[in-house]
Structures are given as C-alpha cells and as structure tokens.
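For reference, the chains in residue letters:
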Amino acid sequence: QVQLVESGGGLVQAGGSLRLSCSASGRTFNNHAAAWFRQAPGKEREFVAAAGWNGASTRYADSVKGRFTISKDNAKNTVYLQMNSLKPEDTAVYYCNAAQIPLITSATKPQGYWGQGTQVTVSS
C-alpha cells in the first residue's frame, strides 16, 4: 500500500507559478512510476505529466508542454510538478497517481494509488 498526499495548490494570477508536491509513504516509492492528473469542474480527469520509476523518463500532455515540469525524488519519496506560465484553463483539482509499472501515460488504464487532490485556481 502506498499513501499519497498532495500539497502546494492555491490561487494564482495568470502567468504565475506554483509547485505541487506529492509525498508518498508506505511501500517503497522507488519502483513506482508517478503521474499528475487534473479534473476541472464538469470535465473528465485528464493526464498532465508523468515520470518513470527513477524519474529519467517523462511524458507531458500537449497542453502543458514547455510550461510544466515533473520531477521525482526517490530519496525524499516525493514527486513534484513545477507549473509556470499558468493559464485560467489550468484551473482544476490536481491528483497524484503512483503505480508499479515503468511509466504512466495518457493511455494507461487507471491503476495504482491516488492522492486526495489539491485545488489549483488561476485567475485571469
């Protein structure tokens, strides 16, 4: 069992930055891939970014490429999402996901462990 706790969400103006953190506890995090998903009101949950078990491999949704950076620190059992140049359309609840597979992508069947989510609101 892996427990995930997100933090770092909040209210920010368009063009601003936020850094989300997802802290893992329980079973070892080192052999788990990690990802961030988000869900806006009235919309389905969507893939944002992912990192492989050692953080070397990454994937991004087209909508966030060049603006968001995912990183995984196994020594700290934490995965981060640095979000720059935020836009109002980035407003959503952001969820952390971890699974014992090489890499989570937008096509991966939902599996593994999920955090409770953290709200990100970007004002125009």
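Anyway, here's the lowdown on the structure attached to this text.

Conventions and cut-offs
- Residues numbered from 1 in each chain as written.
- Predicted model: local features only at pLDDT ≥ 70, side-chain atom pairs only at ≥ 80, totals over all residues.
- Heavy atoms only, no water.
- Helix = DSSP H or I, 4+ residues; strand = E, 2+ residues; numbered from the N terminus.
- Rg over C-alpha atoms; globule rule 2.2 N^0.38 Å.
- Buried < 20%, exposed > 50% of the residue type's maximum accessible area, 1.4 Å probe, protein only.
- Areas by Shrake-Rupley, 256 points an atom, 1.4 Å probe, with all protein chains shown as cover.
- Lys, Arg positive; Asp, Glu negative; His and termini not counted.
- Charge placed at Lys NZ, Arg CZ, Asp CG, Glu CD.
- Contact = heavy atoms within 4.5 Å.

1. Here's the deal with the overall build of the protein
(1) Moving on: Scanning the protein for helices and strands turns up zero helices and eleven strands.
(2) Moving on: The order of helices and strands in the protein, counted from the N terminus, is β-β-β-β-β-β-β-β-β-β-β.
(3) Moving on: Taking 124 residues into account, the globule formula puts the C-alpha radius of gyration at 14 Å, and the protein, at 13 Å, falls close to it.
(4) Moving on: Principal axes of the C-alpha set define a box for the protein whose edges measure 40 × 25 × 25 Å.
(5) Moving on: Counting the 124 residues in the protein, one finds 44% classified as buried.
(6) Moving on: Put simply, the protein shows about 6,200 Å² of open surface, and 47% of that area lies on carbon and sulfur atoms.
(7) Moving on: Each charge sign in the protein was given a centre, from 12 positive and 7 negative side chains, and these centres are 6 Å apart.

2. Some remarks on the environment of alanine 98
(1) Moving on: With respect to the element layout, alanine 98 can be found in strand 9 (residues 92–99).
(2) Moving on: Take alanine 98: its relative accessible area is 0%, and that puts it in the buried class.
(3) Moving on: For alanine 98, the contacting residues outside a window of four places in its chain are Leu4, Phe29, His32, Ala33, Ala34, Ile104, Gln111, Gly112 and Tyr113.

3. What about unusual backbone geometry?
(1) Moving on: Backbone geometry at asparagine 77 places phi at a positive 50 degrees, although glycine is not the residue there.
(2) Moving on: Within the secondary structure, asparagine 77 is located in the loop between strand 7 (68–73) and strand 8 (78–83).

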